[in-house]
Structures are given as C-alpha cells and as structure tokens.
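# Examination of the molecular architecture
For reference, the chains in residue letters:
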Amino acid sequence: MIDTICARADQYEGQSTLDGLQMTSMKSAMDEDMVALTKRGYISKSNITISTTQAQQNTGKTNLYCTYSPADQLVQLLAFVGLGR
C-alpha cells in the first residue's frame, strides 16, 4: 500500500505547479491504484483525500490522508459437526 502510494506520488514531484488540476490528477491515479489493489485482494474500502493550504501550495507541499481496511481474510474457522442417528 505505502509503496504504491509513494511510487505514484514520485511521478508528480517536481512536474508542475501544485494546483487543483494536478491534485485531482494525482488523486484519480491513486484511486485507480487502490482499485487495482482491491481487485488483487490486498485491501478493501480504501479512501484517499488530498488537501493543501495556500501557504503549503506556495512551498510545494500537500497533505495526503489514506484510510483502508485489510482485505477480508479468513483468520479462524470453527467447525461444528453433529452426528446423529
């Protein structure tokens, strides 16, 4: 997850001004990456939010918030067997 986000963010560093279009483009690309990870079964219910203040924009900084759940995995299986006649 973290490697995927960092690899995508590296593509946007130093490429253009930090404007709404650039942030929207980065978010769309990251959303696509999260869909791919979900389809492969690594995560579920991901949400990425990218925001910045005017002061941060002037220095080329942004905030990225990412929440996700681990993929639904079988952790424990209980089996109850009844024998009857």
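Moving on: the side chain of aspartate 33. Note that aspartate 33 resides in helix α2 (residues 20-39). Classification of aspartate 33 by relative accessible area gives buried; the value is 15%. Polar side-chain contacts of aspartate 33 include one of 2.9 Å to the side chain of arginine 8. Leave out the neighbours within four places in its chain, and aspartate 33 touches Thr4 and Arg8.

Below, the discussion takes up unusual backbone geometry. For lysine 45, which is not a glycine, the phi torsion comes out positive at approximately 55°. Relative to the helices and strands, lysine 45 resides in strand β1 (residues 43-51). Take lysine 45: its relative accessible area is 67%, and that puts it in the exposed class.

A few words now on the environment of glycine 60. As for its position among the elements, glycine 60 is in the loop between α3 (54-58) and β2 (63-70). Classification of glycine 60 by relative accessible area gives exposed; the value is 57%. Here the alpha-carbon distance between glycine 60 and glutamate 13, two residues 47 residues apart in the chain, equals 9.0 Å.

Our next topic: the packing of helix α1 (residues 2-10) against α2. Any two packed helices are characterised by the angle at which their axes cross and by the distance between the axes. Packing of α1 against α2 brings their axes to within 10 Å, and their N-to-C directions diverge by 150°. In terms of axis orientation, α1 runs roughly antiparallel to α2. Crossing of α1 against α2: the hand is right-handed. Contact with α1, carried on its side by Thr4, Ile5, Arg8 and Ala9, involves Met26, Ala29, Met30, Asp33, Met34 and Leu37 of α2 and no other residues of that element.

With 20 residues, α2 extends 28 Å between its outermost C-alpha atoms, agreeing within 8% with the 28 Å of an ideal straight helix rising 1.5 Å per residue. Every buried residue of α2 is accounted for by Gln22, Met23, Met26, Ala29, Met30, Asp33, Met34 and Leu37. Looking straight down α2, one finds its buried side chains confined to an arc of 145°; they lie on one side. Opposite the buried face of α2, by more than 90 degrees, sit the exposed residues Leu21, Glu32 and Lys39.

Rules behind the numbers
- Residues numbered from 1 in each chain as written.
- Predicted model: local features only at pLDDT ≥ 70, side-chain atom pairs only at ≥ 80, totals over all residues.
- Heavy atoms only, no water.
- Helix = DSSP H or I, 4+ residues; strand = E, 2+ residues; numbered from the N terminus.
- Buried < 20%, exposed > 50% of the residue type's maximum accessible area, 1.4 Å probe, protein only.
- Polar contact = N/O pair within 3.5 Å; in protein donor to acceptor, adjacent residues only side chain to side chain.
- Contact = heavy atoms within 4.5 Å.
- Axes fitted to C-alpha atoms, helices over the stretch in contact; angles between N-to-C directions.
- Parallel < 35°, antiparallel > 145°, perpendicular 65-115°, else oblique.
- Left-handed = near helix turned anticlockwise from the far one by under 90°.
- Expected span 1.5 Å × (residues − 1).
- Arc of directions from axis to C-beta.

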